[in-house]
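# Per-entry structural report
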Amino acid sequence: MSTRPYRARGRSDRSKQTRERIRQAVRQLLAEGSFHTAAVEEVAVRAGVSRATLYQHFRSRLELVDAICETFDENPALLRLRESVSLPDADEALAATLALTVRFWSSEDGVLRELYGVAAVDPAARALVDRQRADRRGEFERLVDNLRRSGRLRAAERALALLMVMSSYETYRELREAGLSDRRVTALLQQSARELLVEP
């Protein structure tokens, strides 16, 4: 019996573990607010790998930031949000999608604060923010279609723009810095969306 499959699987498992340690190192540096100024060597040291090993997994800072996108895709709030936009009850879809958006922002706040803060000067961060906005736009387009099909959508031509502003990370941070809890932010966004977008 050959041991090759076992060895290949062992290498693959170690490779996945190494990649995960590197991703966690990037998340830590982002949460600490030091990723933007950190050298690649610092990421490697934090992950407990050599610089060469890091470059085997990620060829650039952009790829390191892309790895953070992978972790966002696994976030339970984001996974549920993608389902909520299509709920049969349009009112429930609107309320749930906004609540899950706030939950996602809150759960990733430490990392996102750094990425959004440096997006103007860091191409890797800017690319992530742009991709995230495009993804959010796609989900909210689906939500607007759901609301339109329900026959209760008011101001259809500006519904998407209003939802994008209300659900943005910048809006979330502004409201949190004004002293509102996540619960109050959620309630405010849900009430505003109902008043602006849904016929009674």
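To be clear, the structure that these remarks concern was listed above.
Residues numbered from 1 in each chain as written. Predicted model: local features only at pLDDT ≥ 70, side-chain atom pairs only at ≥ 80, totals over all residues. Heavy atoms only, no water.

### As for the pattern of salt bridges
Should their charged atoms come close, side chains of opposite charge can pair. Applicable threshold: Any Lys or Arg side-chain nitrogen located within 4 Å of an Asp or Glu carboxyl oxygen qualifies as a salt bridge. A run of DSSP states H or I qualifies as a helix once it reaches four residues; a run of E qualifies as a strand once it reaches two. Both are numbered from the N-terminal end. Any residue under 20% of the maximum accessible area for its type is buried, any over 50% is exposed, and the rest in between are partly exposed; the area is computed with a 1.4 Å probe on protein chains only.
All chains considered together, the criterion is met by 17 salt bridges. For Glu32, the salt bridge is made with Arg46, and the minimal N-O distance between the two is 2.9 Å. One end of the pair, Glu32, is in helix α1 (residues 4–32); the other, Arg46, is in helix α2 (residues 40–47), with 14 residues separating them in the sequence. Relative accessible area serves as the criterion here: at 32%, Arg46 is assigned to the partly exposed category. The salt bridge partner of Arg173 is Glu177, with a shortest N-O separation of 3.5 Å.

### A short note on empty space enclosed by the protein
Just so we agree on the cut-off: Points on a 1 Å grid, built from protein atoms alone, make a cavity when a 1.4 Å probe fits but cannot get out and make a pocket when they are open with protein on both sides within 12 Å along at least 5 of 7 lines; residues with an atom within 4 Å of a point are the lining residues. Grid points are joined across faces, edges and corners, and a volume is the space filled by probe spheres set on the points. Each residue gets one of three labels, nonpolar for Ala, Val, Leu, Ile, Met, Phe, Trp, Tyr, Cys and Pro, charged for Asp, Glu, Lys and Arg, and polar for the others, Gly among them.
Counting across every chain of the model gives 1 cavity of 30 Å³ or more. By volume, the largest cavity is sized at about 30 Å³. Lining the largest cavity, in full, are Ala90, Asp91, Leu147, Ser150, Arg152, Leu153, Leu197 and Val198. Within the residue set of the lining of the largest cavity, elements represented by two or more residues are α6 (90–107) and α8 (123–150). Tallied by class, the residues present in the lining of the largest cavity amount to 5 nonpolar, 1 polar and 2 charged.

### Section: the packing of aromatic side chains
Defined as follows: Each Phe, Tyr or Trp ring (for Trp, its six-membered ring) is paired with any other whose centre lies within 6.5 Å, and the angle between the two planes then decides the class: stacked below 30 degrees, edge-to-face above 60, tilted in between.
Summed over the entire model, instances satisfying the criterion amount to 6 aromatic pairs. On the basis of an interplanar angle of 45° and a centroid distance of 4.7 Å, the ring pair of Tyr116 and Tyr169 is categorised as tilted. A residue pair is termed long-range when its members are at least 10 positions apart, and Tyr116 in helix α7 (residues 109–118) and Tyr169 in helix α10 (residues 169–177) qualify at 53 residues. When its relative accessible area of 14% is taken as the criterion, Tyr116 is described as buried. Three or more aromatic residues joined by ring pairs make a cluster, and in this case those are Phe72, Phe104, Trp105, Tyr116, Tyr169 and Tyr172.

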